[in-house]
Structures are given as structure tokens and as C-alpha cells.
Amino acid sequence: MTDPVVGATIGVEEEFHLVDPETGELVAGARRLLAADTGRTGADAEAELRLSMIEIASGVCTSLDELRADLAQRRAALRTAAERVGLAVAGCATVPDSGTGRAAIYPNERYEWMADQYRQLVDEHQICATQVQVGVPDRDLAVRLTAHLRPWLPVLLAMSGSSPLFRRADTGYASYRSVALSRWPTSGPPPLVSSAAEYDAAVQELVDSGAICDAGMIYFDVRPSARYPTLEIRVSDACPLLDDVVLLAGLARALVVTAAQSVDEPGPAYPLLRAATWRAARSGLDAELVHPVTGRPVPAADAVRALLEHVRPGLESNGDLAIVRELTADLLARGTSARRQRAVLAGGGDLRDVVDSVVAECRRT
């Protein structure tokens, strides 16, 4: 029986790169920006692992319209704070400078431990994500839902691809962020467990092993939140266009609500999950994806339509069907940020022009 409050709330956390508006290069500006933001703009920005990154988080929302308005205000406030200290914000998973190690880690004990243990991985961890928090007040239920979400997460990744460039070169991937993140020991698909106690025990074993310092270093594509009564869908790249963030949030919530309607059935094992995730990272929406049900290669648009059909019950129950359909059609027509970034280069632009295009898209609401 579906808990009537599953999916009643939704929130989004967005990560951004801080760049020099003249050169497009990463800047260690987080502390300057945070000082400019405090009590003045309302962005409520927070530090991230590296001084060249910053994060904002929406409030707890109940509708996509409310979420859009909230994020639009916070994005505008973040831009204001950044401009006040001579910075620009780029809402994509990587910028050309990513992976070069420019800008040190944010100075605190936890991040310093990570840098000492993980060395090159932290040096190259200049990647940004979009994370969606969907209300699931029962933690046992949240854990059980993850098995039902897993096959569909590669499609969300493909729809969000915004990281073709890394170390000032084209990687050939739509989401190189997901490739860089996959090297961490707690990334990728979550384990198949049946209760919150079993999940928490697995996390504690990882902490006890010394491989991670706390539960915050769990980077699974989907996980029950360690702080809130939510399920976190963490698979997506950061997106410059607010429309795409709202779309991903709507689909993520619909996946959770739809999964809750069949949670008493066993979740699919889906042995192709890692291959499907790689395919989504490699091609985005510009080639084939692995179909989440059949496991066969299909045109990306067909996989997206399969996702829409799968989550239709969840979309309808939240009144989101029309807006998600419209935003999906827009995305399929214009393509992902990765495609648009490559179009800038194909049109004769340089790497700075790519960053300028992303910064400009972040200004659109």
C-alpha cells in the first residue's frame, strides 16, 4: 500500500563552478563569495570540497512551480554575490579547467582528510551535480525503493549530460563527471538491501574500514538521506538551464512515487546497470541508450519516452504530467548542455567561449 505522503515534498541541491568572467578559468573564490552572500543576497550558498565550487539548496517545496521560483531566486542571488567579488558561476558538471587541480580544497579537517587519503582523485574532483531530494518519511521504505529506481537512473544521467570537457580537452563523453566520480569506492549503483538497518550497517562497515570518514562520503546514484526524511537521487550532472533542473526534479519525484506503488514486488536485478550507466555517460542523448526494461540498445529518445511512460502514474498523481512532457520535448529538441558546448567549439569558438555560453544559460530563468 502506498504511503500517501511519499513524494509530497521535493527539493534540489545545485553545485556550481566559480570562474573568472574574463578568462573562463576556475577561481578559488568560495570564501570571498560566501562573505559577500552572508545576510545580503539570500542565496544561502554553502562551501564544497574545492574553493572553486559552491552549492545552493532549495527550500522544501511541494510543487514544481514552487521549486522553480525558489531556485530562480537563489540562482539570481548567487550570481549577485559572485559578481560583487568579480566572479561568475557556471552550472555545468565540468568546465574546461576541471581536472587541472586549480584552486585548493576548502580548508576544514574533513576535506583535508579526504585530500590526504584520496590524493589525485581529490585533485581532479572539480565536478558538479544536481541532487534531487524526494520526501519519503519512512526510512525502511526509502531503502526498498532504491531497487526499483536503479534501472531508470541512466536515462536521467543521459538527459543531464553537461561535462564533455575535462583538462581542457574533449573527453568524448557527454558526462565525464560520472566517469571521474566512478573512481571513488562509494559511487555508482547502491547495494540491494531490504531495510534501513541493513543499509546503515553497510555504511558503518565502510566507515569502520577506514575507506571513508563518514556517511557523507556515500556517493551512490541514489541513497536515503543521512540528514532528512528523503530519498536522494544523485545521478545527474549539474545543468545550466533551470528548465532542465525542474525536469529532472519532476522525473525523480515521479520515479519515487511510481516505485512506491509497487514496492511490495521485488525490484529488478538489472545486471546491465553499470553498462547502461556507462552508455548514458558516453552518449547522452546523441546516440543509443540501453533500454531499462529490455536491456537492448534503442535510440535515446525512445529510452526517454519509456521513462515517461513508466512514471506516468507518479506524474499524474502530482499534477506534473503536462509540464514534464513539455520540458522533455524541449530537451529532446535542443539537446543536452554537452551537445550545445560542442556546438560552440564546432562553430569556431574556443574554450572560453564555451564557459561564456554556460554562464549565459545560467542567467536564464
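Structure: see above.
Everything numeric here is computed off the predicted structure, so don't read it as measured data.

**Student:** Before we go on, may I ask you to explain the overall build of the protein in this structure?
**Tutor:** Helices and strands together make up the secondary structure of the protein, namely 15 helices and 13 strands. By the compact-globule yardstick of 21 Å for 365 residues, the protein fits well, its C-alpha radius of gyration being 19 Å. When the 365 residues of the protein are sorted by exposure, 57% land in the buried category. For the protein, the share of sequence-separated contacts (at least 6 apart) that also reach a separation of at least 24 residues comes to 77%. In the structure as shown, the protein presents an accessible area of about 14,200 Å², 51% of it carried by carbon and sulfur atoms.

**Student:** What is the right way to read the packing of aromatic side chains from this model?
**Tutor:** How two aromatic rings sit relative to each other is given by the distance of their centres and the angle of their planes. Applying the stated criterion to the full structure yields 5 aromatic pairs. Both rings, one in Tyr118 and one in Trp184, keep their centres 4.5 Å apart while their planes meet at 20°; by these two values the pair is stacked. With Tyr118 in helix 3 (residues 109-118) and Trp184 in the loop between helix 7 (176-181) and strand 8 (187-188), the pair connects residues that are 66 residues apart, well separated along the chain. Here Tyr118 and Trp184 have matching classes, each one buried. On the basis of an interplanar angle of 45° and a centroid distance of 4.9 Å, the ring pair of Phe166 and Tyr176 is categorised as tilted. One end of the pair, Phe166, is in strand 6 (residues 165-166); the other, Tyr176, is in helix 7, with 10 residues separating them in the sequence. Each member of the pair Phe166 and Tyr176 is classed as buried. Aromatic ring contacts, followed pair by pair, group Tyr118, Trp184 and Tyr219 into a single cluster. Positioned over the ring face of Tyr173 is Arg282, at 5.8 Å from the centre of the ring.

**Student:** I'm lost on the environment of Asp37 in this one. Help?
**Tutor:** Inspection of the secondary structure puts Asp37 in helix 1 (residues 30-37). Excluding residues that lie within four positions of it along the chain, Asp37 makes contacts with Gly42, Ala43, Asp44, Ala45 and Ala81.

**Student:** Would you mind showing me how to read unusual backbone geometry here?
**Tutor:** In most cases, non-glycine residues show a negative phi, while peptide bonds are predominantly trans. With a phi close to 45°, Arg119 is a non-glycine residue in the positive phi region. Residue Arg168 is not a glycine yet carries a positive backbone phi of 65°. Examined against the element boundaries, Arg168 turns out to sit in the loop between strand 6 and strand 7 (169-170).

**Student:** What should I look at first to understand the environment of Val354 in this one?
**Tutor:** Structurally, Val354 can be placed in helix 15 (residues 351-363). The sequence separation of Val354 and Phe166 amounts to 188 residues, and the corresponding C-alpha distance is 12 Å. With sequence-adjacent residues up to four places away left out, Val354 is seen in contact with Leu165, Gln341, Val344 and Leu345.

**Student:** Just to check I follow, could you spell out helix 5 (residues 139-149) for this structure?
**Tutor:** For an α-helix the count is 3.6 residues per turn, leaving residues at separations of three or four pointing the same way. Of all 11 residues in helix 5, 8 are buried; the element is thus mostly enclosed. The set of residues buried in helix 5 consists of Leu141, Ala142, Val143, Leu145, Thr146, Ala147, His148 and Leu149. Against the buried residues of helix 5 lie helix 6 (153-160), helix 8 (196-209), strand 10 (222-224), strand 11 (230-237) and helix 9 (242-260).

Criteria and thresholds
Residues numbered from 1 in each chain as written. Predicted model: local features only at pLDDT ≥ 70, side-chain atom pairs only at ≥ 80, totals over all residues. Heavy atoms only, no water. Helix = DSSP H or I, 4+ residues; strand = E, 2+ residues; numbered from the N terminus. Rg over C-alpha atoms; globule rule 2.2 N^0.38 Å. Buried < 20%, exposed > 50% of the residue type's maximum accessible area, 1.4 Å probe, protein only. Contact = heavy atoms within 4.5 Å. Areas by Shrake-Rupley, 256 points an atom, 1.4 Å probe, with all protein chains shown as cover. Phe/Tyr/Trp six-rings, centres within 6.5 Å; stacked < 30°, edge-to-face > 60°. Lys NZ or Arg CZ within 6 Å of the ring centre and 35° of its normal.

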